[in-house]
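For reference, the chains in residue letters:
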Amino acid sequence: MDDDTRILFEEEENSDNGKTQDEGTTEDEGASTGKPESEESKTATTGTTAEGHPDNLPPSLPIDFSERSPLLSTAAAVAGVYSSSWTNTVGPSPYTDDNKPKRRPFHPTVAGARGSASSLVRVGDDQDGDTHLYTRYRYYSRLRAPVDPGDRALVIPDHVIPRDLFLPYIPGHKIDADGKQSSPITIIAIWNTMMGTSLMTMPWAFGQAGFVGGLLIMLLMAALSLYTAIKLLSLQKIMGIEGPTIELSRLCRQLFGGVAGKLTEGLTVSFSVLTLVGAQVVYWVLMSNFLFNTGEIIYDVTKGELHNGSSNALLCPSNETTVKQLTDDPSTFHRWWKQDLTVPLYLIVPFIFILNLRDAKIFTYFNSLGAISVLVMYLFVISKAAVWGINLNFTDPTDDFYVPLFKNTFMCLTGTLSLAYFIHNCVVTIMQGNRHQENNVRDLTIAYVLVAATYIPIGVLFFSSFPLPKFCIVDNFLDNFPPHDVVLAIVRGFLFFQILTVYPLLGFFIRNQLFTYFMGPNYEFELWRVVILNVCLVTLSVLVAIFYPNIGFIIRWVGAISGLAYIFLLPCATYMYAMYAYKKLYWYDALIHGSIILLGVVNFISQFLTV
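Residues numbered from 1 in each chain as written. Predicted model: local features only at pLDDT ≥ 70, side-chain atom pairs only at ≥ 80, totals over all residues. Heavy atoms only, no water.

Here we look at the overall build of the protein
So, step 1. Of the regular secondary structure elements, the protein holds 23 helices and zero strands.
So, step 2. The buried share of the protein, reckoned over its 611 residues, is 51%.
So, step 3. Nonlocal contacts in the protein, meaning residues at least 24 apart in sequence, comprise 79% of its contacts between residues at least 6 apart.
So, step 4. Here the protein has roughly 28600 Å² of accessible surface; of this, 63% comes from carbon and sulfur atoms. (Helix = DSSP H or I, 4+ residues; strand = E, 2+ residues; numbered from the N terminus. Buried < 20%, exposed > 50% of the residue type's maximum accessible area, 1.4 Å probe, protein only. Contact = heavy atoms within 4.5 Å. Areas by Shrake-Rupley, 256 points an atom, 1.4 Å probe, with all protein chains shown as cover.)

Considerations on the state of the cysteines
By definition, a disulfide links two cysteine residues through a covalent bond between their sulfur atoms.
So, step 1. Summed over all chains, the structure comprises one disulfide.
So, step 2. In this model Cys316 forms its disulfide with Cys472; the gap between the sulfur atoms is 2.0 Å. The chirality of the disulfide connecting Cys316 with Cys472 is left-handed, given an S-S dihedral of about -80°. With Cys316 in the loop between helix H11 (258-303) and helix H12 (320-327) and Cys472 in the loop between helix H19 (440-465) and helix H20 (486-519), this residue pair connects regions lying 156 residues apart in the sequence.
So, step 3. Since its relative accessible area comes to 3%, Cys472 is described here as buried. (Disulfide = S-S within 2.5 Å.)

A closer look at the environment of Ala578
So, step 1. By secondary structure assignment, the location of Ala578 is in helix H22 (residues 551-581).
So, step 2. For Ala578, a relative accessible area of 0% gives the class buried.
So, step 3. Taking C-alpha positions, Ala578 is 8.0 Å from Leu235, a pair spaced 343 residues apart along the chain.

Re H20
So, step 1. Between the first and last C-alpha of H20 there are 50 Å, a value that for 34 residues agrees with the 50 Å anticipated at 1.5 Å per step.
So, step 2. Gly520 sits one or two positions beyond H20 and adopts a positive phi of about 95°. (Expected span 1.5 Å × (residues − 1).)

Focus on the confidence of the model for the protein
So, step 1. Within the protein, residue pLDDT values average 74, and 65% of them lie at 70 or more.
So, step 2. The model gives residues 105-129 a pLDDT under 50, and that stretch makes 55 contacts with residues more than four places away or in other chains.
So, step 3. Per-residue pLDDT stays below 50 along residues 319-326; that stretch engages in three contacts with residues further than four places along the chain or on separate chains. (pLDDT = per-residue confidence, 0-100.)

What about the packing of H11 against helix H21 (residues 527-547)?
When two helices pack together, their arrangement is given by the angle between the helix axes and the distance between those axes.
So, step 1. Two numbers describe how H11 lies on H21: the axes approach to 9 Å, and their chain directions differ by 50°. Regarding the angle of H11 to H21, the classification is oblique. Crossing angle aside, the handedness with which H11 passes H21 is right-handed. Contact residues: H11 offers Val277, Gln280, Val281, Trp284, Val285 and Ser288, while H21 offers Leu537, Val538, Leu540, Ser541, Val542, Val544 and Ala545.
So, step 2. Partitioned by chemical class, the residues of the contact of H11 with H21 number 10 nonpolar, three polar and no charged. (Axes fitted to C-alpha atoms, helices over the stretch in contact; angles between N-to-C directions. Parallel < 35°, antiparallel > 145°, perpendicular 65-115°, else oblique. Left-handed = near helix turned anticlockwise from the far one by under 90°. Nonpolar A, V, L, I, M, F, W, Y, C, P; charged D, E, K, R; others polar.)

Topic: the packing of aromatic side chains
So, step 1. What the rule picks out here adds up to 29 aromatic pairs.
So, step 2. Centroid distance Trp388 to Phe462: 5.9 Å. Interplanar angle 70°. Geometry classified as edge-to-face. Within this pair, whereas Trp388 is found in helix H16 (residues 369-388), its partner Phe462 is found in helix H19, the two being separated by 74 residues in sequence.
So, step 3. The buried category is assigned to Phe462, whose relative accessible area is 1%.
So, step 4. Ring pairs connect the aromatic residues Phe380, Trp388, Phe462, Phe466, Phe477 and Phe481, which therefore count as one cluster.
So, step 5. Directly above the ring of Tyr517 sits Lys262, whose terminal nitrogen or CZ lies 4.5 Å from the centroid.
So, step 6. Directly above the aromatic system of Phe463 lies the positively charged group of Lys470, at a separation of 5.4 Å from the ring centroid. (Phe/Tyr/Trp six-rings, centres within 6.5 Å; stacked < 30°, edge-to-face > 60°. Lys NZ or Arg CZ within 6 Å of the ring centre and 35° of its normal.)

A closer look at the packing of helix H7 (residues 183-194) against H19
So, step 1. Following both chains from N to C, one finds H7 and H19 inclined at 40°, their axes separated by 9 Å at the closest point. Of the possible angle classes, the one that applies to H7 and H19 is oblique. The two elements H7 and H19 meet at a crossing, and its hand is right-handed. Mapping the contact onto sequence places Ser183, Ile187, Ile190, Trp191 and Met194 in H7 and Arg442, Asp443, Leu444, Ile446, Ala447, Tyr448, Leu450, Val451, Thr454 and Tyr455 in H19.

Quick notes on empty space enclosed by the protein
Rolled over the atoms, a probe as big as a water molecule pinpoints where empty space is left.
So, step 1. Enumeration over the complete set of coordinates arrives at three cavities of 30 Å³ or more.
So, step 2. Counted as a void, the largest cavity has a volume near 120 Å³.
So, step 3. At the level of elements, helix H8 (198-207), H16 and H20 are the ones that each hand at least two residues to the lining of the largest cavity.
So, step 4. Here the lining of the largest cavity takes four residues from H16, the largest share from any one element.
So, step 5. Here the residues of the lining of the largest cavity are counted per class, giving eight nonpolar, five polar and no charged.
So, step 6. Forming the walls of the second largest cavity are 10 residues, and the residues nearest its centre are Ile354, Leu355, Leu357, Pro504 and Arg511.
So, step 7. Take the lining of the second largest cavity: its biggest share by element is four residues, from H20.
So, step 8. Across the lining of the second largest cavity, the residue classes break down as seven nonpolar, one polar and two charged. (1 Å grid on protein atoms, 1.4 Å probe; cavity = no way out; pocket = protein on both sides within 12 Å on 5 of 7 lines; lining within 4 Å. Points joined across faces, edges and corners; volume = space filled by probe spheres on them.)

Here is the structure:
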């Protein structure tokens, strides 16, 4: 342990052991005689005790304090704490041996005897360095006088991905000075983050499981995903790790230690990046779709040649003749405006610049468009269902509207829902900003209820009311409508602009996770690295949009793979390992969490059983 860290530990441990006899004598004499203290007595009273630390200031003292800048403040009263003694600046110490706070010093937990609490976390060389770096920030901040608020020197850095990037932008709402948000904002942030492309796939996926089977799976997957997300929130506390909250990848590294910890962290980061890359690919396919259809309606309006002005027209893409009639146009415009060739390439132009920006903060101002898009889509589905009515038949297999109660292709729905309910790679980051940490489980539960209350009605209502044979419903239900539907054109416009601003955020998250894992949390931004990574991501997205624009297949496979790691395997495995280290793993805990892991494996393998 280096000298700086040792000094900090010794002075904080001294604060927990109470005042020395000399300190008590000095304060008593100064208070009774009214004479000024000598320099030696001042030093003995306040030199390295915890009473000079802002954590122990009386509530009445004006101070703007946060853990990220634990000892920097512009308050005049606090300035005196660093420049002279406590007694001269504030007055006699408000604490006695009876009411003095007992703070535990921040220190890395080291390996101890087998089965003890301290044996849970094995700190390797890299992690030990990270812990000492955090300690140095706190130590040097204590020694430094208050500075201008804009000075960021010695301020503890943000998490690898700052949590404010996940918060929805609400006009007029300002982030509080302490960097925390209220429970409603936290709930909205989780809901907004989970709402994505799975929403447009939900009617098709629901139909693949049967009516009753689809309802049961949607409810069970929501409950299971919520349970494992809650386990992730409590994992750091179970492991006994103090300090700033860290995500699952870093927890795995500390939990398993050594080479196994490093490999587990890499595996965790890989699955997280895979989820983000899969979302980017799907977003590019959808942006190509929305841009193509928007261009179609603009072209027809300018030419006065709307092919179908009826808002009630529907398409059954399985009918190749219908699709051919709508797309077979020899005009020059359509030779250069093709959804599966030229449009995905046109999208490269705006992203050449915005993907390489150093700061992604500007895109957070548009993330509230996600809530608006979902609301517009919700109203659109409800209005169509009100016009169409319910078109279901559970008894006659020869009827066009026949729907079985259960189907053996249910794995399409489980894979899709694994991505739809996926929040596990950033749930800790979002929830650590919640002002009332004791409400984390409640707020996360409310958010999951809202997510389920959004997915289920759209999937069930559209599927139940669709007035054509159910096999006509495609993996993007907006493709069941012609591009010339004016109302749907507005919906596509909202979705296009929202995805256009979310895509760069995903790229920012990917590069932060990869660069942080390979180069450490203090890596320097170098444009050439960012450009190379973005070229690879955009190339992959364009190729998929041209050669295999099947978002249903992509979503369910990405969901099944990432869900296996983040929803089923890692939360349960790390929880059981931590409980085993404390000798608190009971047989029923092992049975329950082992069964959840088995379900994830079955969900992944079952994806091979259907096309």
